[in-house]
Amino acid sequence: MGHNPKYRQWTVESWRGFAPTVSDMHRYQWATYAMCQRCALEIDVNLPLLIRTKGRDYSLWGRTTSCRRRFCGGRMWFFTHPHRAEGWFMMEAAKRPVTPPDTA
Ligand SMILES: [Zn+2]
């Protein structure tokens, strides 16, 4: 696959615009997990299961979910590794309108 240097310039906004939905993330095989901000539990995100239960247009960007550990009560944030990126991005909400990056 190799790392095209241009993708190092991409910010979280670029990746959000590139794959706004769970079906996009699944198509590009982005590894994704959720981590609890209270107890640090980490769980893998099953993108095919999310697509089946929430629909192809569901989005994890800007979302949190309740911790899966019994009695924790914390919130889990999502992290993803875009297929052409070198690191992980927290899937924070857009701070301004999303425009897909130039992929040419
Ligand atoms: Zn927790």
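Source: prediction; values computed, not measured. (Residues numbered from 1 in each chain as written. Predicted model: local features only at pLDDT ≥ 70, side-chain atom pairs only at ≥ 80, totals over all residues.)

1. Looking at the overall build of the protein
- Regarding its fold elements, the protein presents three helices and five strands.
- Reading the secondary structure of the protein in the N-to-C direction produces α-α-β-β-α-β-β-β.
- Across the 104 residues in the protein, those meeting the buried criterion constitute 20%.
- Once local pairs closer than 6 in sequence are excluded, the contacts in the protein between residues at least 24 apart make up 69%. (Helix = DSSP H or I, 4+ residues; strand = E, 2+ residues; numbered from the N terminus. Buried ≥ 20, exposed ≤ 12 C-beta atoms within 10 Å, placed from the backbone. Contact = placed C-beta atoms within 7 Å.)

2. Comments concerning the nonpolar core
- Core analysis: the largest hydrophobic core is formed by 17 residues, its most contacted members being Ala-19, Val-22, Met-25 and Leu-47.
- Those residues in contact with Ala-19 that lie beyond four places of it in its chain are Asp-24, Met-25, Tyr-28 and Trp-30. (Core = buried A, V, L, I, M, F, W, Y, C linked by C-beta atoms within 7 Å.)

3. Quick notes on the pairing of strand β4 (residues 75-81)
- Of the pairings in the sheet, the one linking strand β1 (residues 31-36) to β4 comprises six bridges and is antiparallel in character. Counterpart to Cys-36 in the pairing with β4 is Met-76.
- In this sheet, β4 lies alongside strand β3 (residues 64-66) in antiparallel orientation, the contact comprising three bridges. Directly across from Thr-64, in β4, lies its bridge partner Trp-77.
- Note: β4 against strand β5 (residues 89-90), two bridges, orientation antiparallel. (Pairing = 2+ DSSP bridges.)

4. Digging into unusual backbone geometry
- Here the phi dihedral of Gln-29 falls at roughly 60°; this positive angle occurs in a residue that is not glycine.
- According to the C-beta neighbour criterion, Gln-29 is exposed, with 11 such atoms within 10 Å.
- Phi at Phe-71 takes a positive value of approximately 70°, unusual for a residue other than glycine.
- As for its position among the elements, Phe-71 is in the loop between β3 and β4.

5. Comments concerning the pairing of β1
- Alternating residues of β1 divide into Thr-32, Ala-34 and Cys-36, all buried, and Ala-31, Tyr-33 and Met-35, none buried.
- Pairing analysis gives three bridges linking β1 to strand β2 (residues 42-44), with the strands arranged antiparallel. Bridge pairing in β2 places Tyr-33 opposite Asp-44.
- Here β1 hands over to β2 after five residues, with Ala-40 in that stretch at a positive phi of 70°.

6. Structural notes on the environment of His-83
- The topology assignment puts His-83 in the loop between β4 and β5.
- Considered as a pair, His-83 and Gln-29 are 54 residues apart in the sequence and their alpha carbons are 6.6 Å apart.
- When near neighbours in sequence (up to four residues on either side) are disregarded, His-83 contacts Tyr-28, Gln-29 and Trp-30.

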